[in-house]
Amino acid sequence: MSRGWPALPYESWQPTRDTLHAHTQVLGKLAAALAPPEPQLQHTALRLTARGWETLPLPSPDGSGAFGVALDLRTYEAVVEHSDGRDRRIALTPDRAVGEVTRDVLTAVRELAGPVEINPTPQETPWKTPLDQDDEHASFDRAHVDAYLEAATRAAQVLAEVRAPYRGRSTPVNAWWGAFDLSVALFSGRPVEPASNDFIMRNSGDAEQVAVGWWPGDARYPRAAFFAYAYPAPEGLSDAQLSPAAAHWDTTLGEFVLDWDDVREAPDPHGAGLDFARSAVRHGCEMCGWDPKLAASAEGVAPLVR
């Protein structure tokens, strides 16, 4: 028997949410510093796995092999693992501030893989205290962490199913440590001129795409939700009613949104999330004038297994 999808009320779990978000930034900054650069900054993305957020294998600065860092939300530890089998484990508890955990993670990386430096200033957060000096964020309620991981896993399964049949270039289900969200992007293959010259937009905003994602709420939108957008956004994109009926356009975010509570209360939550994602992709591709055959490949018919 399947379990109901968990509630994730932003107001009650926000202190733990912010602490967990800060921890993911340490992993992301290590990826940004060490991973080989990829288009649209894909090398900086993390992955959501069965145990939590993880980097892909990163090259050891001392040339000794590779290492990875995980936030193990099952055992409530940050784990640094070298490809030769050595590891270090750092406890995540309600009494350990982000600054202390950050310093311990960086020390473990240096011990196992060699010298590395990151820019400790957090990105896309309302706070600017350097990660290695952050004594403010120290909440880590295990019940909230468990609910988050279950919700994120459910959402990631929807996103993975959306991208699976698409015949064009697409991303895996990325875990983005800046906005603390999960997303997939489908690309048309057409380049675009970035909307601005700042570093992130210059490097990530140079390809036409339709994206679908999920986040656990933030200060701008204090509710967990699926979201979707097309980039560059064509005129009239917002003039549509997506499926299911609870989906709506949020003018502040400039995105289509389907609240998590509307998903989890549906008779078939996975189906509701998938319905939203596919209707968003269908609408975005049509409005942006994508090749019809390419767009149709995202409709859920997977390639034959040969």
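In short, a report on the structure. (Residues numbered from 1 in each chain as written. Predicted model: local features only at pLDDT ≥ 70, side-chain atom pairs only at ≥ 80, totals over all residues. Heavy atoms only, no water.)

**Description of the pairing of strand S10 (residues 225-231)**
- With six of its seven residues buried, S10 lies for the most part within the structure.
- Two strands pair when backbone bridges link them, and S10 and strand S12 (residues 255-259) are joined in this way by four bridges, in the antiparallel orientation. Residue pairing for S12: Phe 226 is matched across the bridge by Leu 258. (Buried < 20%, exposed > 50% of the residue type's maximum accessible area, 1.4 Å probe, protein only. Helix = DSSP H or I, 4+ residues; strand = E, 2+ residues; numbered from the N terminus. Pairing = 2+ DSSP bridges.)

**A word on helix H1 (residues 10-34)**
- With 25 residues, H1 should reach 36 Å at 1.5 Å per residue; the first-to-last C-alpha distance of 33 Å fits that figure.
- The largest bend along H1 measures about 40° and falls at Thr 16.
- The buried count for H1 comes to 19 of 25 residues, which makes it a mostly enclosed element. (Expected span 1.5 Å × (residues − 1). Bend = angle between axes of the 7 residues up to and from the residue.)

**Examining the packing of aromatic side chains**
- Applying the stated rule across the entire model yields 13 aromatic pairs.
- Here the aromatic rings of Trp 214 and Trp 260 are separated by 5.6 Å at their centres, their planes lie at 65°, and the arrangement is edge-to-face. Taken together, the positions of Trp 214 in strand S9 (residues 207-215) and Trp 260 in helix H5 (residues 260-264) put the pair 46 residues apart, joining distant regions of the chain.
- Ring geometry for Trp 249 against Phe 256: centres 4.8 Å apart, planes inclined by 80°, an arrangement best described as edge-to-face.
- Trp 249 gets classed as partly exposed once you look at its relative accessible area, which sits at 26%.
- Classification of Phe 256 as buried rests on a relative accessible area of 3%.
- Taken together, Trp 5, Trp 13, Trp 53, Tyr 148, Phe 180, Trp 214, Phe 226 and Trp 260 form an aromatic cluster joined through their ring pairs. (Phe/Tyr/Trp six-rings, centres within 6.5 Å; stacked < 30°, edge-to-face > 60°.)

**Here's the deal with the nonpolar core**
- With 81 residues, the main nonpolar core has Trp 53, Val 105, Tyr 148, Leu 182, Trp 214 and Phe 226 as its most contacted residues.
- In terms of residue count, the dominant contributor to this core is helix H3 (residues 142-163) (11 residues).
- For Leu 182, the contacting residues outside a window of four places in its chain are Leu 48, Trp 53, Ala 152, Ala 156, Leu 159, Val 173, Asn 174, Ala 175, Val 212, Gly 213, Trp 214 and Phe 227.
- Membership of the second largest hydrophobic core comes to six residues, among which are Trp 215, Ala 225, Leu 253 and Val 257. (Core = buried A, V, L, I, M, F, W, Y, C linked by side-chain atoms within 4.5 Å. Contact = heavy atoms within 4.5 Å.)

**Regarding helix H2 (residues 98-113)**
- If you check H2, its first and last C-alpha atoms are 22 Å apart, about what 16 residues at 1.5 Å a residue would give, namely 22 Å.
- Listed as buried for H2 are Val 98, Gly 99, Val 101, Thr 102, Val 105, Leu 106, Ala 108, Val 109, Leu 112 and Ala 113.
- Trailing H2 by a residue or two, Gly 114 shows a phi angle of about 110°, which is positive.

**Points about the packing of H1 against H2**
- Running from N to C, H1 and H2 point in directions that differ by 25°, and their axes come no closer than 10 Å. As judged from the angle between their axes, H1 and H2 are roughly parallel. The chirality of how H1 crosses H2 is right-handed. Of the residues in H2, those touching H1 at Thr 19, Ala 22, His 23, Val 26 and Leu 30 are Val 98, Val 101, Thr 102, Val 105, Leu 106 and Val 109. (Axes fitted to C-alpha atoms, helices over the stretch in contact; angles between N-to-C directions. Parallel < 35°, antiparallel > 145°, perpendicular 65-115°, else oblique. Left-handed = near helix turned anticlockwise from the far one by under 90°.)

**Some thoughts on the sheet that holds S12**
- The strand order across the open sheet built from six strands is S7-S8-S9-S10-S12-S11, with neighbouring strands paired in antiparallel fashion. This sheet does not close on itself; its edge strands, each paired only once, are strand S7 (174-176) and strand S11 (248-250). Averaged over all pairs of adjacent strands, the angle between their axes in this sheet comes to 30°, without regard to strand direction.
- Taken together, the seven bridges between strand S8 (residues 181-191) and S9 define a ladder with antiparallel strand orientation. Looking at S9, one finds that Val 184 is bridged to Val 212.

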